[in-house]
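# Breakdown of the fold
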Amino acid sequence: MPRTAPGESGVKPPPGLNLELLVHGVGGTTPQEMLGDPRIERMTGDTTAAVYRRTDDVDAEARPQDYTDKPVPEAYSWSNLTSGNGSRALWLILLPFMVANLAHWMRPADYGRRLLLARTHGVFVRLVALSLTVLLVSAACEVAMDLVAWQCAGSAGCADGHSWLGFMAQDPSGDGGWWSQPGRRLALAAVVPAALTLLLWWLSHRTWAAYESQPPLRRPVDEYDREGRNRPALCLPGFWYGKRLVARLRAAHTAAGFLTVAAAVAAATTRHDRKPGGSTALDAVGWLTETAVVACAVWVLYVVCRRGRKESEPDDVVDRFTVRALPGIAAGVLLLAVLHASWSRPGWISHGGELPGDETFGVLAVGQGVLVAAMGVIGLVLHRRRPAERTALKGLGSACVAMIACALGGVMSGGVTQRVGDWLDGAGTPGMGNGYIEGPPTLLTWQASAVPVLLGALLVLTAWFLLQVSRRSRRLTDEVESAYPDVVPDPSRSRRIAAVISRAALTDAVPWVVGTVAAITLLLGGAGVLGTWLTGEVPGRAADGRAAIVDGFADTVQVLGSWLVGLAFVLFVAWGRRAYRDPSARRTIGILWDVGTFWPRAAHPFSPPCYAERAVPDLAWRMATWTELTRGRLVISGHSQGSVLAAAAVWHLDRRTRGKVALLTYGSPLERLYGRWFPAYFGPRQLHDLHRQVHCWRNLWRLTDPIGGPVRIDCGTDVDRGPLTDPLQYGRTLHHPLPAPILGHGEYPADPVFDEERDSLLLRLRSHDSGPQAAVPQQGVPQQGQGLPQQGGSGSEVAADAGQFTDDGEADAGPGADAGSGDGEDGPDGPDGPDGSGNPGGSRLSA
């Protein structure tokens, strides 16, 4: 990566040792790439996450005279936290859990003194997360126990077509083998969902021990923190350490998985025992089993709803009785159900039809819809109290994302059941009565039939956005040419640059896409539940006798939906298998986890681990210890997701250390993504607080960047510098005979502005140490016209045009939002923050 030579920026770093701590973004940038040197050495850390230096700089502290005109570069590499060994491929099955956990953090801030609405919102999200665990385990029960052990093994035609089921094939005369009795078949098949539950527990426990058990930096609490507790939640010392909550939720979800399997086993056996002529003793044991299942389920609900995160201090205390006893007792109940089902019941045969208890999917769908609707009401109420104009979906972001998590869980569960049902049914179509077995529950077929309708709506949205990009690119072409004076216009080059700018602006349309998908999903899910309850038939049979167009449409979407969800599941498995073997594919999946697992596991303990609970303490410890040992000054330089980690780490420093640290962010999603989607944690008030705590902060951004943007802070000292010129050269010149690339989201250090701003921050740090900050020369503050469109063109038209992709139609930020905490349990509450509006950057082509 090209860098300008030290000193070319015209701003000399102050004397004394200075450190530049680089933090990369998503995609797994290597330390060699960050430092621009293949010869590196690890300074501190392990193979998972570590700090590296160039070999020539390892002993920089022993010879500070060699670094009077440049800082010591140091790279913090955290990519192995999300894309390390092959076991990360197993995280793909945790995707719905990860999305549900994101929904927990997306609520607007609560201003109530007791934070009642925030706590209620946290309870609802945790209940949605619990329903996803039950849904996944129920899908495993449906495949192993219903489709295989109950329906296929109980059908002579299906069992004959699958020889591996011969040992448990049902004999109508009742003289079959030991496993031929339905109860024993169910007991054997229960091993599959029980093993899945154990796998989820193992993944959660293993990742906690590897990533999230790092102790936080236990710093002294500032006086400002004691006064009213009105600091942002990310400042709290226990924010990145949720050991107690994760352990408790892990126990509850593990128990819920065991209880789901136990209920599925007991549902069939107890129904048989209660028929006339059944065994009284077995009936009594059945009642005992069901009572134990209900009692443990109530215990699970109490544990999930009891309380959320404690963040005012690191919560090291673990509820040992709950953590150890609840899963163990639930496993005992499952064992009791299996033993009860294995008892000999001569003459019991499984007739055609689904396994008793398949109504679970309908109950889960209705429950999830009610919970999501309640979350939406809370989000609207919280947003209306202190509306922030740039908040995504006006407070409905959490509910919409939770709805998408439920949809992902439905697609995964429906995909595997539909695919297995098609495979076992031979030439027949599940649910149509023309095969060996009845097939999956009717509701799952209705939900699968909704997938083609949803995809059709997405295609329409995609076509509309492509049309808007094309129209906007044509309008921006003249603005691009006017930004490069004294060059020969090249219409083709201008169109390419304008197209990149237009595509980058699509990021601001994501809230509309998410909201539309969530609304359509909710409507289609409700239609599926209603259709199942009213007709009791799959869509193809329910439409028989209707108008030809209706009947044809129902048959088409049913067949197409079944194949689509089945294909999605097959591709999902294939992708996971490839990721297990191929490190490059694992890095691609790691990008998804980089974005989705920044937040601690506050709602779902089986979601992928929070890498920030390791990375943020790492960065805070490194900055605190280095500045204390050397008395030097430090610039923490974060790109993309690394800028979010850097900001979170700076928030955790004590006041004395923060006075020696400057923050340089570039390609940063702090406001554009995190501020809009997580307003309780990165809203205008929180970013203003970060600006007050960090005396020296600069943020670089480009219009061609689809991820980064301005942080929109205007408190007398500008933070944003941009939009930066991209590409750096319009066409071929004497000094640049080859076309300059459009950098977009990458290679910010290639811009001369980067070194200029970094050196300026170091100079301002020294000035701040030696005198009032008012005397600090503002180096590198952009002048009017700095950036891409330096002169010419209609700036107001372009600014309005670039803002058309926002969810509210406004290009500027609105009033600030207040702070919040994990779920309102222990978070700060304070007065209104300053206004977050403004148009940073000094350019007329602003996003």
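What counts, and where the lines are drawn
Every chain is numbered on its own, with residues counted from 1 as its sequence reads. Reporting of local features is limited, given that this is a predicted model, to residues whose pLDDT is at least 70; pairs of side-chain atoms are given and counted only at 80 or more, and all residues count toward the totals for whole chains, interfaces and linings. Neither water nor hydrogens contribute to the side-chain values; these are computed over all heavy atoms in the structure. When two cysteine sulfur atoms lie within 2.5 Å, the pair is treated as a disulfide. Numbering of helices and strands runs from the N terminus, with a helix taken as a DSSP run of H or I at least four residues long and a strand as a DSSP run of E at least two residues long. The buried label goes to any residue with under 20% of its type's maximum accessible area, the exposed label to any with over 50%, and the partly exposed label to all in between, with areas taken from a 1.4 Å probe on protein chains only. Side-chain atoms alone can form a polar contact between residues adjacent in sequence; in general such a contact is a pair of N or O atoms within 3.5 Å, and within protein one must be able to donate a hydrogen while the other accepts it. We call two residues in contact when some of their heavy atoms are within 4.5 Å. The span one expects for a helix is its residue count, reduced by one, times 1.5 Å. In this analysis the local bend is the angle between axes fitted, respectively, to the seven residues ending at and the seven residues starting at the residue. Here a salt bridge means any side-chain nitrogen of Lys or Arg lying within 4 Å of a carboxyl oxygen belonging to Asp or Glu. At least two bridges found by DSSP between two strands are what make those strands a pair. Here a pair means two rings of Phe, Tyr or Trp (six-membered ring of Trp) with centres within 6.5 Å. Their orientation is stacked below 30 degrees between planes, edge-to-face above 60, and tilted elsewhere. A positively charged side chain is recorded as over a ring if its NZ (Lys) or CZ (Arg) lies within 6 Å of the ring centre. The angle to the ring normal must also be within 35 degrees. Each nonpolar core is a collection of buried residues, namely Ala, Val, Leu, Ile, Met, Phe, Trp, Tyr and Cys, held together in the definition by side-chain atoms within 4.5 Å. Without a salt bridge and with relative accessible area above 30%, a residue can belong to a patch; like charges are then joined within 9 Å and nonpolar side chains (Val, Leu, Ile, Met, Phe, Trp, Tyr) within 5 Å. The Shrake-Rupley method, run with a 1.4 Å probe, gives the accessible areas here. Residue values count only the displayed protein chains as cover. Confidence of the predictor in every single residue is expressed as pLDDT, which spans 0 to 100. Axes, fitted as lines to C-alpha atoms, cover a helix only where it is in contact. Angles between the N-to-C directions of the axes lie from 0 to 180 degrees. Roughly parallel here means an angle under 35 degrees, roughly antiparallel means over 145, roughly perpendicular means 65 to 115, and every remaining angle is called oblique. Working rule for handedness: look at the near helix, and if it is turned counterclockwise from the far one by less than a right angle, call the crossing left-handed; if clockwise, right-handed. Charged means Asp, Glu, Lys or Arg here, nonpolar means Ala, Val, Leu, Ile, Met, Phe, Trp, Tyr, Cys or Pro, and polar covers whatever is left, Gly included.

On to the state of the cysteines. According to the stated counting rule, one finds one disulfide in the structure shown. The disulfide bridge from Cys 152 ends at Cys 158, spanning 1.9 Å between sulfur atoms. With the S-S dihedral at roughly -90°, the linkage between Cys 152 and Cys 158 falls on the left-handed side.

Now for the side chain of Thr 417. Counting through the fold element by element, Thr 417 comes out in helix α13 (residues 397-424). When its relative accessible area of 0% is taken as the criterion, Thr 417 is described as buried. A polar contact of 3.0 Å, which involves the side chain of Thr 417, links it to the backbone oxygen of Gly 414. Contact partners of Thr 417, with chain neighbours within four places excluded, come to Ala 139, Glu 142, Val 143, Leu 147, Pro 440 and Leu 444.

What follows concerns helix α9 (residues 243-273). For α9, which comprises 31 residues, the first-to-last C-alpha distance of 44 Å matches the rise-based estimate of 45 Å (1.5 Å per residue) to within 8%. At Ala 266, α9 shows its largest kink, close to 30°. For α9, the buried fraction is high: 27 of the 31 residues fall into the buried class.

Another aspect to go through is the pattern of salt bridges. Enumeration over the complete set of coordinates arrives at 30 salt bridges. A salt bridge links Asp 319 to Arg 306, with the shortest nitrogen-to-oxygen separation between them at 3.7 Å. With Asp 319 in the loop between α10 (280-306) and α11 (320-342) and Arg 306 in helix α10, the pair connects residues that are 13 residues apart, well separated along the chain. For Asp 319, a relative accessible area of 12% puts it in the buried group. In this structure Arg 306 comes out as partly exposed when scored by relative accessible area, which is 40%. Among the salt bridges present, the one from Arg 390 reaches Glu 671, with a minimum N-O distance of 2.7 Å.

Our next topic: the environment of Ser 637. If you trace the backbone, Ser 637 turns up in strand β5 (residues 633-639). It is 5.8 Å that separates the C-alpha atoms of Ser 637 and Leu 21, two residues lying 616 residues apart in sequence.

Here we come to the sheet that holds β5. Sheet strands line up and pair through hydrogen bonds in the backbone, either parallel or antiparallel. Read from one edge of the open sheet, eight strands run β2-β3-β4-β1-β5-β6-β7-β8, paired in mixed fashion. The open sheet has two edge strands, β2 (40-45) and β8 (720-721), and neither has a second partner. As paired elements, strand β6 (residues 661-666) and strand β7 (residues 697-700) share four bridges and run parallel to each other. Its bridge partner lying in β7, Thr 665 is registered against Asn 699.

Regular strands place side chains that alternate from one sheet face to the opposite one. The buried fraction of β5 is high, at seven of seven residues. By the bridge criterion, six bridges tie β5 to β6 in an arrangement that is parallel. When the sheet's bridge partners are listed, Ser 637 is paired in β6 with Leu 664.

Counted under the stated rule, the structure contains 26 aromatic pairs. Measuring from centroid to centroid gives 5.2 Å for Tyr 484 and Tyr 730, while their planes differ by 45°, and the two rings are tilted. Taken together, the residues span a long stretch of sequence, with Tyr 484 in the loop between α14 (442-482) and α15 (491-504) and Tyr 730 in the loop between β8 and α26 (752-770) at a distance of 246 residues. Following the ring pairs from residue to residue traces out a cluster consisting of Trp 78, Trp 105, Phe 239, Trp 240, Phe 598, Trp 599, Tyr 611, Trp 651, Tyr 674, Phe 678, Tyr 681 and Phe 682. Here the guanidinium or amino end of Arg 419 rests over the ring plane of Trp 563, the centre of that ring lying 4.3 Å away. When the ring centre of Tyr 748 is taken as origin, the NZ or CZ atom of Arg 702, which lies over that ring, is 3.9 Å away.

Attention shifts here to the side chain of Thr 197. Examined against the element boundaries, Thr 197 turns out to sit in helix α7 (residues 191-212). Beyond its immediate sequence surroundings of up to four residues, Thr 197 is in contact with Val 137, Thr 254, Gly 257 and Phe 258.

Moving on, we come to the nonpolar core. The biggest cluster of nonpolar side chains holds 145 residues, and the ones touching the most others in it are Met 145, Phe 598, Trp 599, Ile 636, Leu 645, Phe 682 and Trp 697. Setting aside residues up to four positions removed in sequence, Leu 645 forms contacts with Val 23, Trp 78, Phe 598, Tyr 611, Ala 612, Ala 615, Val 616 and Leu 619.

Among the surface-exposed residues, Phe 167, Trp 178 and Trp 179 lie close enough to one another that they form a single nonpolar patch of about 330 Å² accessible area. Along the chain, Trp 178 falls in the loop between α5 (156-161) and α6 (182-189).

All right, on to the confidence of the model for the protein then. Of the residues in the protein, 79% reach a pLDDT of 70 or more, and the chain-wide mean stands at 80. Here residues 1-8 is a poorly scored stretch, pLDDT under 50, and it has 15 contacts once near neighbours within four places are set aside; other chains count. For the stretch residues 223-228, pLDDT sits under 50, and the model shows eleven contacts to residues farther than four places along the chain or on other chains.

The next subject is unusual backbone geometry. Residue Pro 723 is reached from Gly 722 by a cis peptide bond, and omega for that bond is 5°. For the peptide bond that leads from Asp 726 to Pro 727, omega is 0°, which places it in the cis range. Considering the arrangement of structural elements, one finds Pro 727 in the loop between β8 and α26. A positive phi angle, near 55°, is found at Lys 394, a position not held by glycine. Along the chain, Lys 394 turns up in the loop between α12 (360-385) and α13. By relative accessible area, which is 29% here, Lys 394 ends up partly exposed. Positive phi outside glycine occurs at Glu 747, with the angle close to 55°.

For the rest of this paragraph, the subject is the packing of helix α4 (residues 116-152) against α12. One way to put it is that α4 packs onto α12 with a least axis distance of 10 Å and a crossing angle of 160°. The pairing of α4 with α12 is recorded here as roughly antiparallel in orientation. Here the hand of the crossing between α4 and α12 comes out left-handed. Partitioned by chemical class, the residues of the contact of α4 with α12 number 17 nonpolar, six polar and two charged.

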